[in-house]
Each structure stands twice: as structure tokens, then as C-alpha cells.
Amino acid sequence: MADVKYWIGFNIVPGIGPARFKRLLDYFGDAEPAWRAAPPELARAGLDRKSLQSLVTVRDKLDLDAEMQRIDEAGAHLLTLLDEGYPRLLRQIDLPPPVLYIKGSYSSEDEWAVAVVGTRAAKTYGKEMTRYLAGDLARNRITVVSGLARGIDSVAHRTALEAGGRTIAVLGCGVDVVYPRENAKLSQDIVANGALVTEYALGTKPERGNFPPRNRIISGLTLGTLVTQAGERSGALITAYYALEQGREVFAVPGSALDRGCTGANKLIQQGAAKLVLRAQDVLEELNLTMISQQAEVREVVPGNETEALLLKYLSEESVHVDDLRRACGLPIAQVSATLALMELKGMVRQTSGMHYVLAREGSIDYV
């Protein structure tokens, strides 16, 4: 994309997040004219005084071509919202990150992903349950997504790799910054069998305020979030609540009622926000992921077609009967039924009851 460097520029400007950047794109049509616009025009586009001043200051000093070269030298690459390879699940959330910095590889198979998160102060029980569950998920071809933090996150990543699976670490810093330092080797292993992903520019330090927004990406990349151990104030709960707002499933492992390190996960279950999990099969069944091999084969041999595209126009999170779909599309019932069956195998739709169908993934989070 010709204007990718201008997307990078806006991503570096403090105070211009996904919401403001979207307003600028809507107003100017492209990132380049927005980047080059005069202050009065930027104000008319909706930038407040502080954001406008921040933009003017940064663009006067920033060498965009040099920044592109830095990214290449760091061994990273970029995906913007306009790129075909941008993660489909993440694109579905409200105001997704305009730019992703990736070190490693993200592929279509990573759409079958589950977040495994928990406390940094992990105890033996939490670590063992994480190994048990993350290992089984990885062996079932599920990509394990977490945040590379100490404790549960690190165990989840290592276990997925040891099981021969893929894993994605979403960072609260630049992709060229290793945090925590003891995870330097783990980061390298993840790059070789998955990806490091962040919305933050190169050189961004792991500041406290970066991590809650980071958590919306962890949940946004996945079909569901599994909390294996978390106290009442654990950041893992932020990921779980983002998942709920995005319309994704939330799971939690129960722990001792006497252990304060398990209070957060237990409360998710008690409040009905999370489904209780004792084994990986509980997650796979709930997410309709018990036939990943078959889904992968179908995805490879059956390309998207006009019938699928037409059906998707009439499918949403609201349940609709196959007969209503047939009438809306004007297609023979046999063609509609056969296409829906294939779409279900591909993970695109889900049958609820009595030949009613819904989109398998919908997202709605109001993050700015």
C-alpha cells in the first residue's frame, strides 16, 4: 500500500488513536492528504487542539522513510486495516488497531485461536492447569494467544510450543523491545512458530498504561478467552471483559475458594460471565472446534464463492431460519443448505437450533 508510511506516522503521534484516525480517514479519504493537511483543515476534520499540536510537532520531526527502514531492520512487517492479511477476527471489533507490527508470521490458521491468560503471580495449581489446557489446545491445532507476561502467559506460550503448536504474543511495547527481559529466548521461539504482535511503534517502552489496550487485541484475535488463574485485580480479567464486550466466549478454571489468587476466575464463573472449564474439550466443544482438521481441509479445497457472499449479507448475530435465507437469496433450498453446511465446517456460521443459523463471530467493543 503506497501510503503505509503515513499510517505509521499517525500511529506514532500521541493522542491519535483508532477513533481519531478513523475520523481523519473519513474526512480526507486517505492517510497521506491527512498527514499533509494544514492545521485549520485538521481542526475541521475533528482534531482537538492538543491532538492537532501533537501531530504538527511529530510530523515536523519524523522521517517516515527512515521509520520504514527501521521496521525492516528490526525484522518486522506491518499490516494495516486495508491489507487483506489483517486478522479477520480482530477486524470485527469496534475500532480495531489501524496498524499492527508483526515479527514472525500470522496466517489464516491462526483464526482458530484461544487466548490463555492469567495472573503474573502464578502458583503451582495455575501453572499445571495452564500446561494441561494449553497443551491440549495446541495439540488440537488451536493457536494459543497470550501476553508474554510473567506467570500464566509465559507458561501458556511455552506449553503451546512444546506441544508443537503455534502461539501469538501480544505486546504492550514495541516489537523490538523485550519485556520481561527473561523472556528473550521465549520471544525468539515464538517468532519461529508464531508471531509477536503489537500496535505500538518501534521503541515503545512497556508503560503501565499500554497493557489494558493491549488486552483488547488478545481477546480480539481469538474466538474465546480462557482464564486459568486470576486474582480479583488481575489484568487477565480486563481481557475477559473485553472478550465479553466483543461478543466472544469466556472460560475460567475454578480454584480453591480459600486462595485469593483464584478469586477473579471464581467470580467470573459465579457471575455467569465465564463457562467453567475442567479440560480442553470443554473449550473445543463450546467453540465448535472439535473438527479442526476437517475445517482446515474444507477451507483449503472450497474457496469463497458468490453463494457464500450472498448468504453472508443476510446472516448476523440474530438467528435466521434456512427457509428465510432461501427466500431472501432467491436460491434453491438444496444449494442454500449445502453451502451453509460447508460454511459451518469453515467456521463461518453456526447452527443454533431447528435449522436456524447465525454468524459464528461477531464483535462489538467501544474502545477508543
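As the structure is a computational prediction, the values presented were derived from the model and not from experiment.

Our next topic: the sheet that holds strand β10 (residues 320-321). Pairing in this open sheet of three strands is antiparallel, and the strands run β10-β12-β11 from one edge to the other. Each end of this open sheet is capped by a strand with a single partner; those strands are β10 and β11 (349-351). As paired elements, β11 and strand β12 (residues 356-359) share three bridges and run antiparallel to each other. Counted as the bridge partner of Q351 is Y357 from β12. Seen against the sheet, helix α18 (residues 333-345) touches β11 and β12 and runs at an angle of roughly 110° to β11.

Residues F10, I16, L24, W35, L42, L55 and Y101 are the most contacted members of the largest nonpolar core, which totals 40 residues. For this core, the element with the most residues is helix α1 (residues 4-12), which contributes five residues. Look past the residues within four positions of I16 in its chain and what remains in contact with it is F10, F21, L24, L47 and L55.

So, about the pattern of salt bridges. Pairs can form between side chains of opposite charge whenever their charged atoms are close. All told, the structure shown has 19 salt bridges when counted by the stated rule. Linking R36 and E32 is a salt bridge whose minimum nitrogen-to-oxygen distance equals 3.1 Å. Residue R36 and its partner E32 are both found in helix α3 (residues 31-36); the two are separated by four residues, about one turn of the helix. By relative accessible area, which is 56% here, R36 ends up exposed.

Assignment of secondary structure puts T159 in helix α9 (residues 152-162). Setting aside its immediate chain neighbours within four residues, T159 contacts R131, A134 and G135.

A separate point is empty space enclosed by the protein. Inspection of the entire model under this criterion finds one cavity of 30 Å³ or more. Estimates place the volume of the largest cavity at around 50 Å³. Looking at the largest cavity, the residues that line it are R120, G147, L148, A149, L171, G172, C173, Y179, P180, F211 and R214. Residues of the lining of the largest cavity, tallied by class, amount to seven nonpolar, two polar and two charged.

According to the stated counting rule, one finds five aromatic pairs in the structure shown. Between Y27 and F28 the ring centres are 4.8 Å apart and the planes differ by 75°, which places this aromatic pair in the edge-to-face class. On the basis of an interplanar angle of 50° and a centroid distance of 6.2 Å, the ring pair of Y179 and F211 is categorised as tilted. With Y179 in the loop between β5 (167-170) and α10 (184-192) and F211 in helix α11 (residues 211-220), this pair connects stretches of sequence that are 32 residues apart. Accessibility expressed as a relative area gives 14% for F211, which makes it buried. Each residue in the set W7, F10, F21 and W35 is aromatic and connected to the rest through ring pairs, giving one cluster. Of note, R120 hangs over the ring of F211, and the distance from its end group to the ring centre comes to 5.8 Å.

What counts, and where the lines are drawn
- Residues numbered from 1 in each chain as written.
- Predicted model: local features only at pLDDT ≥ 70, side-chain atom pairs only at ≥ 80, totals over all residues.
- Heavy atoms only, no water.
- Pairing = 2+ DSSP bridges.
- Helix = DSSP H or I, 4+ residues; strand = E, 2+ residues; numbered from the N terminus.
- Contact = heavy atoms within 4.5 Å.
- Axes fitted to C-alpha atoms, helices over the stretch in contact; angles between N-to-C directions.
- Core = buried A, V, L, I, M, F, W, Y, C linked by side-chain atoms within 4.5 Å.
- Buried < 20%, exposed > 50% of the residue type's maximum accessible area, 1.4 Å probe, protein only.
- Salt bridge = Lys/Arg side-chain N within 4 Å of Asp/Glu carboxyl O.
- 1 Å grid on protein atoms, 1.4 Å probe; cavity = no way out; pocket = protein on both sides within 12 Å on 5 of 7 lines; lining within 4 Å.
- Points joined across faces, edges and corners; volume = space filled by probe spheres on them.
- Nonpolar A, V, L, I, M, F, W, Y, C, P; charged D, E, K, R; others polar.
- Phe/Tyr/Trp six-rings, centres within 6.5 Å; stacked < 30°, edge-to-face > 60°.
- Lys NZ or Arg CZ within 6 Å of the ring centre and 35° of its normal.

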